[in-house]
Structures are given as structure tokens and as C-alpha cells.
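What follows is the residue order along each chain.
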Amino acid sequence: MSILSPICPRWRVGLLVCALSCFAFPSAPLAAQRDRPAPSADNTGKSDSGGKTPAKPEAEKNELPPLPPEAHVDQTTELNGKTLHYTVTVGALPVRDSSGKVSGEVVVTAYTMPGKDRPVTFALNGGPGASSVYLNFGAIGPKHLQFGNEGDSPSDPAVLTDNQGTWLDFTDLVFIDPIGTGFSRSEVSEDETRKQFYSTEADIEYLSRIIYDWLVKNDRLDSRKYLVGESYGGFRGPRITYFLQSQLGVAMNGVVLVSPYLNPTIGQNGNLSPIPWMVTLPSITAANLEREHKLTSAAMQDVIAYDEGVYATTLIKGPADKADNDAMIAKVTEMTGLDPEFVKYSGGRLSIGAYLREAHREQGKLGSIYDSNVTSYDPFPYAPEQEANDPILASIIAPVTTAMVNFITNTVGWKVDARYNALSGEVNRAWSRDEELRSGSATQLRQAIAADPKLRVMIVHGWNDLSCPFMGSVLTVNQIPVMGDPTRLSVHEFPGGHMFYTREPSRVALRSDVMAMFAQH
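Sequence order as written defines the numbering, with residues in each chain counted from 1. Reporting of local features is limited, given that this is a predicted model, to residues whose pLDDT is at least 70; pairs of side-chain atoms are given and counted only at 80 or more, and all residues count toward the totals for whole chains, interfaces and linings. The basis for the side-chain values is all heavy atoms of the structure; hydrogens and waters are excluded.

A. Spatial organisation of the pairing of strand β5 (residues 102-112). Here the term buried applies to any residue with accessible area under 20% of the maximum for its type, exposed to any over 50%, and partly exposed to those in between, with areas from a 1.4 Å probe on protein chains only. Where helices and strands are cited, they refer to DSSP runs of H or I of at least four residues and of E of at least two residues respectively, numbered from the N terminus. Of all the 11 residues making up β5, 9 are buried; the element is thus mostly covered by neighbouring parts of the structure. Relative to β5, strand β4 (residues 82-96) runs antiparallel, the two being bridged by 10 bridges. Of the residues in β5, the one forming a bridge with Pro-94 is Glu-105. Hairpin connection from β4 to β5: 5 residues lie between these consecutive antiparallel strands, with Gly-100 at a positive phi of about 95°. A pair of strands is labelled paired if DSSP reports no fewer than 2 bridges between them. With 2 bridges connecting them, β5 and strand β10 (residues 185-186) associate as antiparallel partners. Note that in β10 the partner of Gly-104 across the bridge is Ser-186. Here β5 pairs with strand β9 (residues 172-177) via 5 bridges, running antiparallel. Note that in β9 the partner of Val-107 across the bridge is Asp-177.

B. Structural context of the environment of Phe-494. Locating Phe-494 in the fold gives a position in strand β16 (residues 489-494). Under the relative-accessibility criterion, Phe-494 is labelled buried at 5%. By the convention used here, residues are in contact when the closest approach between their heavy atoms is within 4.5 Å. In contact with Phe-494, other than residues within four places in its own chain, are Val-460, His-461, Gly-462, Trp-463, Phe-500, Ser-506, Ala-509, Leu-510 and Asp-513.

C. A look at the packing of helix α6 (residues 297-317) against helix α14 (residues 470-478). For helices, the fitted axis covers only the stretch in contact; all axes are lines through C-alpha atoms, and the angles between them, taken along N-to-C directions, range from 0 to 180 degrees. Two elements in contact, α6 and α14, have axes whose closest approach is 12 Å; the angle formed by their N-to-C orientations is 65°. α14 is crossed by α6, and the crossing has right-handed handedness. Of the residues in α14, those touching α6 at Met-300, Ile-304, Asp-307 and Glu-308 are Phe-470, Met-471, Val-474, Leu-475 and Asn-478. Throughout, a crossing is termed right-handed when the near helix is turned clockwise from the far one, and left-handed when it is turned anticlockwise from it by less than a right angle.

D. Molecular detail of the pattern of salt bridges. Any Lys or Arg side-chain nitrogen located within 4 Å of an Asp or Glu carboxyl oxygen qualifies as a salt bridge. Inspection of every chain in the model, using the stated rule, returns 23 salt bridges. For Glu-192, the salt bridge goes to Lys-195, with nearest N and O atoms at 3.3 Å. Within this pair, Glu-192 and its partner Lys-195 are both found in helix α2 (residues 190-197), separated by 3 residues, close to a single helical turn. Here Glu-435 makes a salt bridge to Arg-438, at a shortest N to O gap of 3.1 Å. With Glu-435 and Arg-438 both in helix α12 (residues 435-438), this residue pair falls 3 residues apart, about one helical turn.

E. Seen up close, the nonpolar core. Judged by nonpolar contacts, the single largest core of 93 residues is most densely connected at Tyr-111, Tyr-134, Trp-167, Tyr-311 and Trp-414. Discounting residues that sit within four places of it in the chain, Tyr-311 has contacts with Trp-277, Met-278, Leu-281, Tyr-306, Met-328, Val-332, Gly-348 and Arg-349. Formed by 47 residues, the second largest nonpolar core is a distinct cluster that contains Val-174, Val-188, Met-252 and Leu-445. To qualify as a nonpolar core, a set must consist of buried Ala, Val, Leu, Ile, Met, Phe, Trp, Tyr and Cys residues joined through side-chain atoms within 4.5 Å.

F. Layout of the packing of aromatic side chains. Any two rings among Phe, Tyr and Trp, with Trp reduced to its six-membered ring, count as a pair given centres within 6.5 Å; such a pair is stacked if its planes are under 30 degrees apart, edge-to-face if over 60, and tilted if neither. The full count for this structure, using the stated rule, is 21 aromatic pairs. Measuring from ring centre to ring centre gives 3.6 Å for Tyr-226 and Phe-518, while their planes differ by 10°; the resulting arrangement is stacked. Pair noted here: Tyr-226 is in strand β11 (residues 225-230) and Phe-518 is in helix α15 (residues 504-520), with a separation of 292 residues, a long-range link. Neither Tyr-226 nor Phe-518 differs from the other in exposure class; each is buried. Linked through ring pairs, Tyr-86, Tyr-111, Phe-137, Phe-175 and Phe-407 together constitute an aromatic cluster. In this scheme, Lys NZ or Arg CZ marks a charge over a ring once it lies within 6 Å of the ring centre and within 35 degrees of the ring normal. We note Lys-331 situated over the ring of Tyr-306; from NZ or CZ to the ring centre the distance is 5.8 Å. For Lys-365, the ring lying beneath its charged end belongs to Tyr-377, and the centroid distance is 4.8 Å.

G. Quick look at the packing of helix α3 (residues 200-217) against helix α4 (residues 232-248). At a minimum axis distance of 9 Å, the contact between α3 and α4 shows a crossing angle of 65°. For the element pair α3 / α4, the angle class is roughly perpendicular. Crossing angle aside, the handedness with which α3 passes α4 is right-handed. On α4, the residues touching Thr-200, Asp-203, Ile-204, Glu-205, Leu-207, Ser-208, Arg-209, Ile-211 and Tyr-212 of α3 are Tyr-232, Phe-235, Arg-236, Arg-239, Ile-240, Phe-243, Leu-244 and Leu-248. Under this grouping Gly is polar, as are all residues other than the nonpolar Ala, Val, Leu, Ile, Met, Phe, Trp, Tyr, Cys and Pro and the charged Asp, Glu, Lys and Arg. Residue composition of the contact of α3 with α4, grouped by class: 10 nonpolar, 2 polar and 5 charged. Under this scheme an angle from 65 to 115 degrees is roughly perpendicular, one under 35 degrees roughly parallel, and one over 145 degrees roughly antiparallel; angles in between are oblique.

H. Focus on the confidence of the model for the protein chain. A residue-level look at the protein chain finds 88% of positions with pLDDT of 70 or above and a mean pLDDT of 89. You can read pLDDT as the predictor saying how much it trusts each residue, on a scale of 0 to 100. Low pLDDT (under 50) marks residues 2-61, which in the prediction has 191 contacts with non-local residues, meaning those over four places away or in another chain.

I. Representation of unusual backbone geometry in the model. The linkage connecting Gly-127 with the following residue, Pro-128, adopts the cis geometry, with an omega of -10°. Within the secondary structure layout, Pro-128 lies in the loop between β6 (120-124) and α1 (133-140). For Asn-80, which is not glycine, the phi dihedral falls at a positive 50°. Inspection of the secondary structure assignment puts Asn-80 in the loop between β3 (71-79) and β4.

J. Seen up close, the side chain of Asp-452. Looking at where Asp-452 falls in the secondary structure, it is placed in the loop between α13 (442-451) and β15 (456-462). Two residue types count as positive, namely Lys and Arg, and two as negative, namely Asp and Glu; His and chain ends fall outside the count. Although Asp-452 is buried, it forms no salt bridge, and the closest oppositely charged side chain is Arg-488 at an N-O distance of 5.5 Å. At a separation of 2.9 Å, a polar atom in the side chain of Asp-452 contacts the main-chain amide nitrogen of Lys-454. Apart from residues lying up to four places away in sequence, Asp-452 is in contact with Gln-245, Met-252 and Arg-488. Distance and chemistry together define a polar contact, namely a pair of N or O atoms within 3.5 Å, with one atom able to donate a hydrogen and the other to accept it when in protein, and with adjacent residues in sequence counting only for side-chain atoms on both sides.

Quick look at the structure:
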């Protein structure tokens, strides 16, 4: 998933850590990727040489041991009664600064199969600060790890099983861990790390170059090429696609945006605009329908119709029309299953933070912003605001880290002396909240589609996600002009939340929809 959160707007609850959210990280220095501390002077701060600290020998200047060479392993997985034979390759690609000096190393995990004219798909999660393990072991890789659902425990065994939702039978897969995530690391100072890696445009440029470099290194420039990005990776997706098209000369055939952080401004100005409340009501309603075992596509189409119609117009008119306002509050109460007094005093405008505490308050639990039907006990039930970590964030770091470290170091045999960052709070805190970030990626999405009349883009969401609600993408796409084939840009929804793919039926349905898209271009 995408996990951290600045960045999927926390919709009137502050900034989220959008690959998941509300992640409470301890204070620490920026460069988490530096795993070995620098040698220290004695406690007087002086050395043996007359109070002057001697220059380090050249061999001691680099604190980081070199990353190992590429490692490979052959594996199999069973999919729909067939055995897939594939090769896993783990290795690092260098990032160079403007002078050509190596300033970072990006670790890439690739799954490839023999066969002529196989496409290749590049995968990125978000955060910023999330590695690609969530899409890898959660969604589309050949092996699957159970995590992120109601009842899952962080101390459950991290067991990998064959993934019935994998895309590997119809495309090779390349998972990219941005600098500061996974085992990828900066080789420069903290200030230079922020400048070269932790801002919007720098991030897009070096990750685009990594894709280009992998294609060149592996002689795959002529392959059909696709990109999948989740959460803040969904923010990256349109920008990387357009940068590759217009600057590096690499054209994507298709893009899949999973629970994307696409349009940050859509959640603003809730005291005047109805849109922030329109964006969240359908996801809150979906969670209630699921609890009542009534969640269907047909039911959600009725919810969307009300949301875009009567609900929007009633909010625009305000409370002056008492009859319409009372009717709206009664309807919202019915749709969400919430306490009538809670809805009444909210004016039918449901704050996400308040809702996540209210929905499960009688059980003494909190709902997750990533899927409000995934809960944990509230350790601070009497606090005026939520003080606990998000239920999903609190439970997934241990299993995914254990599974990935075991896989890379033991199964693949890529032995590395470093910490694995499944989700880095240090990266997230250091990230530049610049104007480019606040402007989102809807503009680049339009430009990429306009530039290539064959490019296909699929935006996919879980109905229950409140960190990056599906209705935000629906409203954004509604405003994009039709450019040729109207099916080139589409929004698909599935049962589940931000990481809806952790549910096998939704993961298998996603596979089917994406396979159909690949067949078209």
C-alpha cells in the first residue's frame, strides 16, 4: 500500500501518512538509511593530536558498506492450475547527480518469465516513505502475504503463499523502492538527500530515470510497458508517465493508479464547498452497507447518485431550507447507520476523524482510515481526539518487514548489512510539502492522455477507503474531457479499503480488469 501520509489528505483531520495514516514515528535523524554510526571522539571531544581531530583515512570516510551484486533465484507458483516458472532478481541501480557522481542506490526486485514479447510493469508504492512491498506481497507479485484485514495480528507468522491475483502470467514485474525505503539509500548528506530525493520534481525525475535505466540494462526498451502506483505512488504515476513520454523518450502503454492521491485540493473549503463532504459520504456509507451485508455495485450506484444529486444541492443551499436540510440529515443517518444525534449535530457533514471513533465506540474500538471496518481497541477512549496509531498501520509493519527481509536475504540470497524500511517516518517528515505536491497530478494525467491517443489509464479504489476516497477520483475524472476513446480512462471500485487487494476476491477481480486493459494496448 502506500502508507505514510502526508499526503492522502487527511480530509479535515490533518495530514495523513498516506500509504497508511496517522503514523506516529519516533523522533530520529533523517538518514535512516545510514545503518552504522560514525566513529565518535572521546567524551572530551578532543583527540590525541593536540586537540585537532585527525582526518579520517580514505577507507573510513564512507560509513556505508557496499551493496552486494545482483542475486537471482528461480521459483515457481501455482496459478489457476498452472505452474509458472520465473526468475527473481534483486539488485541496486545507481542514481547520479548532475556531475555524474553516484548520490544514491535504488534497490529493485524483478520477477521475469521466459517468453517472446512479454510486457513489463513497474510498480511503486507511496508514503512518501513506503517501500513497494505492499504491492509486491499484497497485490500483484507471485507470492502473497496475509495482512491488513480485520483480525490479522502483527505477531502472526509471515507466511508467503501462491497469489491467485498475481499479474505475472501476463507481464513481468519490477518493484522499485525509492531512496530511504526498503534497502535503497542515499549516499549524500542530509541536506543533499532532501534536495536530490525528497521533493516532488526530484523524486519524479530520478525514479523515471531508474525505469529508463532498467529498460536499457535489460534490453527491454522495445517491450510493452506499464506502470502501477499506489496512494502517493498514484500521485507519481501520471507525472512519471508524462516525464518519460516528454523528456526521456519512453512511452507507457498503460497506467494503473491504485487508491491514488490524485487531487489534493478536492478536500478543501468544506465550510463553503459541498465537495469535501461529497467525497467522503459514499465511503462511509459503503462501510455501513458492508457491516449489514448489503454492499453491492448496484447499491453503491444509488449512493453515488444521491451524493451527486440531492446531497450536493442541499449542502449548497445550506440550512435555510429546513425541510430539505432535515430530510438530508435523515437520509444520511439511514445511509451511514450512525447515531441520529451525531449526524444531526454534524449537519450531515461527517468529519472523518469523528466518524472513525463514533462508528465503533460502543465496542471501545477505532476504525482505520484505510478501511473503517478494520478496527483495534482504543487505548485512550476518553481523550478528546484520537491518540492511538491507526489500526492498520499499527499491525502491518512487522509481517511485511519480516516477510521481505527473509525473502530477499534468504530466499534470493541478496545478503545486505542494513535495516529494511517498509515504511519510513524519517523520509515522510523530511519530504518537501512544496507547491508541486499541493497541485496534485490531475494536470499531468490529462497531458499524458492527450499526448498519446492509445494510452490507457485505469484508476482503482476500495469503497471503504477514507484516506484517498474513491469519490475524489470519480469527481476528478468527471471533469476531464473525453479524448478519443472514452474507455481509455476509467474508475473501478472494489470491496475493501485503501489496500482492497488484501481481500482475495477483490485482488482476483483487479487482476481480471487489468488483464483486459493490457489486451487492449
